[in-house]
Amino acid sequence: MENKTNQHTNPADFEVRSLDTMCVNESELKHPWYYNLKYSLVGVIFGIVFIKAEIISWFRIQEMFRLQSFHMYGVIGTAVVVGAISVFLIKKFKVKTIHGEEITFTDKKFNKGQIIGGLTFGLGWALTGACPGPLFAQVGSGAIVILVVILSATAGTWVYGKFRDQLPH
Amino acid sequence: METITQPWPWYTAGIIIGLIVPALLILGNKHFGISANLRHACAVCLPSNIPFFKYDWRKETWNFFFVGGILVGGIISTLYLGSGEAVIVHPDLAQELASYGITDYSGMVPAQLFSFESLFTVRGLVMMVGGGFLVGFGARYAGGCTSGHAIMGLSDLQWPSLVATICFMIGGFIMANFILPFILHL
């Protein structure tokens, strides 16, 4: 699917940005900053679910990787099914955003990073017992020390950016 | 109220998390992804002329609002919606963890591993600083984390996301079963 809203941007820039989970399909509309609070509201719901379903629990992640519990597989599996049905319906009925803009999707391109980076991420995930989303909910739950983990993860991101050209992709 | 304060079952959580995908799309054509925030943070604070961090991060501010919400959700849930009960884990895991001296299940995060005191031990340093670094480095190298690849990518039937998700799981299995026992012994 062609992304019409991006034709005015630099193609190289689009290429780089589309390799990541960045918003390559940026909005043409200009809204005041507080329009972003709608995303905060979604985040609040997400954070509550994280805690209430114990998804941010280090113990639940350890159980998952030891095949001792179905819980996390059930959560992720159900989320993917619901997400996939939603994306299918959005595409089929060409659903627009609440501001009337087109909803666009970008195909992800395969590169070695998904393997090497994926394995690296997995090693870290089992250590910290949290992927990036839960880290923020853990801080919210009162584990202030997790800010150190977030800071270190940001450092890891920076180091990747610094040595990106030397790494196999 | 009882239903809310008890831990929620996997299907409730799965359905709500799955619905975040269309919610973000419909609210403003945004693709679900968390780890990109770490990149935006680099772009804001320390771009250092690195091409990877030189982009207009102001277009991505929605994502900062999103994670800010996650943090607030964590606070609300802990303060007002909690049952205060300890996490119940598989007996085999409890037995294994007890052999490393981990017996406190009162928090979502084991206080005996993740605390400011343990930050000054080798074990704590490896787990928090080392683990965090691997998460940040790996997520960006893979082009996304659990949200961007395992949930958003798989929902959009992107096969590179399936590769990434499988690798996340393999890495996790290797760490939890073969490497973590040595680290916990430190």
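Chain B is annotated in an unreviewed UniProt entry as YeeE/YedE family protein of Aquirufa antheringensis. Under the UniProt heading Subcellular location (unreviewed entry), the note attached to chain B is "Cell inner membrane".

The name recorded for chain A in an unreviewed UniProt entry is Transporter, from Aquirufa antheringensis.

Draft legend 1. Summary view of the overall build of chain A. The number of helices and strands found in chain A is 7 helices and 0 strands. Element order for chain A, N to C, with α for helix and β for strand: α-α-α-α-α-α-α. Counting every position in chain A, which comprises 169 residues, the buried fraction comes to 51%. Of the contacts formed within chain A by residues at least 6 apart in sequence, a portion of 52% connects residues at least 24 apart.

Draft legend 2. Here's a closer look at the overall build of chain B. Along chain B, the regular secondary structure elements total 8 helices and 0 strands. Along chain B, helices and strands appear, N-terminal first, in the series α-α-α-α-α-α-α-α. Projected onto its principal axes, the C-alpha positions of chain B cover 50 × 45 × 30 Å. The buried share among the 186 residues of chain B stands at 52%. Partitioning the intrachain contacts of chain B with sequence separation of at least 6 by distance along the chain shows that 49% fall at a separation of at least 24.

Draft legend 3. Structural detail: the interface of chain A and chain B. On the side of chain B, 117 residues touch chain A, which itself brings 112 residues to the contact. Looking at the side of chain A that touches chain B, the elements with two or more residues in it are α1 (11-18), α2 (37-52), α3 (58-65), α4 (71-92), α5 (113-128), α6 (132-140) and α7 (146-163) of chain A. Tallied by class, the residues present in the side of chain A that touches chain B amount to 59 nonpolar, 38 polar and 15 charged.

Draft legend 4. Quick peek at the UniProt feature "transmembrane region" (unreviewed entry) in chain A. All names here are of chain A. In the numbering used here, UniProt assigns the feature "transmembrane region" (unreviewed entry) to residues 39-59, 71-90, 115-137 and 143-161. Across residues 39-59, helical content stands at 76% and strand content at 0%; the span's end C-alpha atoms are separated by 29 Å. Across residues 71-90, the secondary structure splits into 100% helix and 0% strand, with the terminal C-alpha atoms separated by 28 Å.

Draft legend 5. Broad picture of helix α3 (residues 36-45) of chain B. For α3(B), the buried fraction is high: 8 of the 10 residues fall into the buried class. Residues of α3(B) that are buried: B:Ala36, B:Asn37, B:Leu38, B:Arg39, B:His40, B:Ala41, B:Cys42 and B:Ala43.

Draft legend 6. Looking closely at helix α2 (residues 10-28) of chain B. The terminal C-alpha atoms of α2(B), which comprises 19 residues, lie 28 Å apart, in line with the 27 Å expected from a rise of 1.5 Å per residue. Phi turns positive, to about 60°, at B:Asn29, one or two residues after α2(B).

Draft legend 7. Broad picture of the UniProt feature "transmembrane region" (unreviewed entry) in chain B. Residue and element names in this part refer to chain B. Mapped onto the present numbering, the UniProt feature "transmembrane region" (unreviewed entry) falls on residues 12-29, 62-82, 120-142 and 162-184. Taken end to end, residues 12-29 comprises 94% helix and 0% strand; its first and last C-alpha atoms sit 25 Å apart. Between the first and last C-alpha atoms of residues 62-82 the distance is 28 Å; the span itself is 90% helix and 0% strand.

Draft legend 8. Representation of the environment of B:Leu38. Residue placement: B:Leu38 occurs in helix α3. Owing to 28 C-beta atoms within 10 Å, B:Leu38 belongs among the buried residues under this scheme. Through-space distance from the C-alpha of B:Leu38 to that of B:Ala139 is 9.7 Å; in sequence the pair is 101 residues apart. When near neighbours in sequence (up to four residues on either side) are disregarded, B:Leu38 contacts A:Pro132, A:Ala153, A:Thr154, A:Thr157 and B:Gly136.

Draft legend 9. Representation of the environment of B:Ser106 within the structure. As for its placement among the helices and strands, B:Ser106 is situated in the loop between α5 (91-98) and α6 (122-142). Separated by 18 residues in the primary sequence, B:Ser106 and B:Ile88 place their C-alpha atoms 9.7 Å from one another.

Draft legend 10. Here's a closer look at the environment of B:Ile20. Counting through the fold element by element, B:Ile20 comes out in helix α2. Among the residues examined, B:Ile20 registers 23 C-beta atoms within 10 Å and is labelled buried. In sequence terms B:Ile20 and B:Met152 are 132 residues apart; their C-alpha atoms lie 9.5 Å from each other. Every residue in contact with B:Ile20, bar those within four places of it in the chain, is listed here: A:Val42, A:Phe46 and B:Phe32.

Draft legend 11. Spotlight on the confidence of the model for chain B. Here chain B shows a mean pLDDT of 94. Residues at 70 or above account for 100%. Per the prediction output, this complex has pTM 0.91; the corresponding ipTM is 0.96.

Draft legend 12. Representation of unusual backbone geometry. Residues and elements named next belong to chain B. The phi torsion at asparagine 29 lies on the positive side, around 60°, for a residue other than glycine. Its location among the elements puts asparagine 29 in the loop between α2 and α3. The phi torsion at serine 48 lies on the positive side, around 45°, for a residue other than glycine. As for its placement among the helices and strands, serine 48 is situated in the loop between α3 and α4 (61-80).

Draft legend 13. Representation of the packing of α2(A) against α2(B) within the structure. Close contact between α2(A) and α2(B) brings their axes to 10 Å; oriented N to C, the two are set at 170°. Put simply, α2(A) runs roughly antiparallel to α2(B). For the pair α2(A) and α2(B), contact is made by A:Lys38, A:Tyr39, A:Val42, A:Ile45, A:Phe46 and A:Val49 and by B:Ala13, B:Ile16, B:Ile17, B:Ile20, B:Ala23, B:Leu24 and B:Leu27, respectively. For the contact of α2(A) with α2(B), the class distribution of residues is 12 nonpolar, no polar and 1 charged.

Cut-off values and rules
- Residues numbered from 1 in each chain as written.
- Chains lettered and ligands numbered in written order.
- Predicted model: local features only at pLDDT ≥ 70, side-chain atom pairs only at ≥ 80, totals over all residues.
- UniProt positions renumbered as here; feature names shortened; annotations may be inferred.
- Helix = DSSP H or I, 4+ residues; strand = E, 2+ residues; numbered from the N terminus.
- Buried ≥ 20, exposed ≤ 12 C-beta atoms within 10 Å, placed from the backbone.
- Contact = placed C-beta atoms within 7 Å.
- Nonpolar A, V, L, I, M, F, W, Y, C, P; charged D, E, K, R; others polar.
- Expected span 1.5 Å × (residues − 1).
- pLDDT = per-residue confidence, 0-100.
- Axes fitted to C-alpha atoms, helices over the stretch in contact; angles between N-to-C directions.
- Parallel < 35°, antiparallel > 145°, perpendicular 65-115°, else oblique.

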